[in-house]
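Remarks on the overall topology
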Amino acid sequence: MKIPKTTSRYCPKCKTHAEQKISLVSSGHKRGSLRRGGKARVRMRGGWRGHGNLGKYSKKPVGQYKKKTKTTKKTNLLYTCKKCNKSSVQRVGIRTGKLVFEEKEK
Ligand SMILES: [Zn+2]
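All of the points below concern the structure found in this document.

This part is about the sheet that holds strand S6 (residues 87-89). Strand order in this open sheet of four strands is S2-S3-S5-S6, and the pairing throughout is antiparallel. Edge strands, defined here as strands with exactly one partner in the open sheet, are strand S2 (6-11) and S6. On average, adjacent strands in this sheet sit at an angle of 40 degrees to one another, irrespective of strand direction. Of the strand pairs in this sheet, strand S3 (residues 16-24) and strand S5 (residues 77-81) are connected by five bridges, and their pairing is antiparallel. Of the residues in S5, the one forming a bridge with Ser-23 is Leu-78.

Bringing the pairing of S3 into the picture now. Here S2 pairs with S3 via six bridges, running antiparallel. Note that in S3 the partner of Ser-8 across the bridge is Glu-19. Linking S2 to S3, which pair antiparallel, is a turn of four residues; within it Lys-15 sits at a positive phi near 60 degrees.

Put simply, a metal with four donors set out as a tetrahedron has ideal angles of 109.5 degrees, and one with six donors set out as an octahedron has ideal angles of 90 or 180 degrees. Every protein donor of the zinc ion is accounted for by Cys-11 (SG), Cys-14 (SG), Cys-81 (SG) and Cys-84 (SG), and the metal-donor separations fall at 2.2 to 2.4 Å. Metal-centred angles of 103 to 119 degrees between the four donor atoms at the zinc ion mark the site as tetrahedral. Spacing between the donor residues of the zinc ion along the chain follows C-x2-C-x66-C-x2-C. Here Cys-11 is found in strand S2, whereas its partner Cys-84 is found in the loop between S5 and S6, with 73 residues between them in sequence. Judged by relative accessible area, Cys-84 falls into the partly exposed class, the value being 25%.

This brings us to unusual backbone geometry. Phi at Lys-15 is positive, roughly 60 degrees, even though this residue is not glycine. Looking at the secondary structure, you find Lys-15 in the loop between S2 and S3. Residue Lys-15 is classed as exposed on the basis of its relative accessible area, which comes to 61%.

Below, the discussion takes up the packing of aromatic side chains. This structure, assessed with the given rule, holds one aromatic pair. Seen in terms of ring centroids, Trp-48 and Tyr-57 are 5.2 Å apart; in terms of plane orientation they differ by 45 degrees. Their pairing is tilted. Tyr-57 sits in the partly exposed class, given a relative accessible area of 24%. Against the face of Tyr-79 rests Arg-9, its NZ or CZ located 3.7 Å from the ring centre.

Let us look at the environment of Gly-93. Within the secondary structure, Gly-93 sits in the loop between S6 and strand S7 (95-96). Taking the C-alpha atoms as reference points, Gly-93 and Thr-75, separated by 18 residues in sequence, lie 5.0 Å from one another. Residues in contact with Gly-93, not counting those within four places in the same chain, are Lys-74 and Thr-75.

Calculation notes
- Residues numbered from 1 in each chain as written.
- Predicted model: local features only at pLDDT ≥ 70, side-chain atom pairs only at ≥ 80, totals over all residues.
- Heavy atoms only, no water.
- Pairing = 2+ DSSP bridges.
- Helix = DSSP H or I, 4+ residues; strand = E, 2+ residues; numbered from the N terminus.
- Axes fitted to C-alpha atoms, helices over the stretch in contact; angles between N-to-C directions.
- Donors = N, O, S within 2.8 Å, 3.2 Å for Na, K, Ca; no water.
- Tetrahedral: all angles 85-135°; square planar, octahedral: opposite > 155°, others 65-115°.
- Buried < 20%, exposed > 50% of the residue type's maximum accessible area, 1.4 Å probe, protein only.
- Phe/Tyr/Trp six-rings, centres within 6.5 Å; stacked < 30°, edge-to-face > 60°.
- Lys NZ or Arg CZ within 6 Å of the ring centre and 35° of its normal.
- Contact = heavy atoms within 4.5 Å.

Following this line, the structure appears as structure tokens:
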């Protein structure tokens with residue numbers, strides 16, 4: 001999906017329409033990944049390596065993996081006002097595959 005780099009949109013701070021820059025909010029880190037039994041924690045402690053049967057952490061045989069059903073992800077767009085430099089997040093995300101930012105046509 002193609003999205004313009006800038007757009008004119010209502011700014012809650014300025015209380016008028018203003019030119020705003022659009023960027024994508026990064027998903028950041030996963031919450032609770034270092035909890036007991038978490039994959040990241042196991043790897044940090046040196047687990048999940050080596051030969052033989054790793055029990056719970058062994059690779060599952062072919063066919064036992066859950067098939068991925070969704071091919072797209074919801075986007076979170078961040079609008080940054082050029083006047084006051086405040087940013088606001090778009091409320092409802094759109095499901096898209098790849099997001100491409102393009103220059104606005106005149
Ligand atoms: Zn503003």
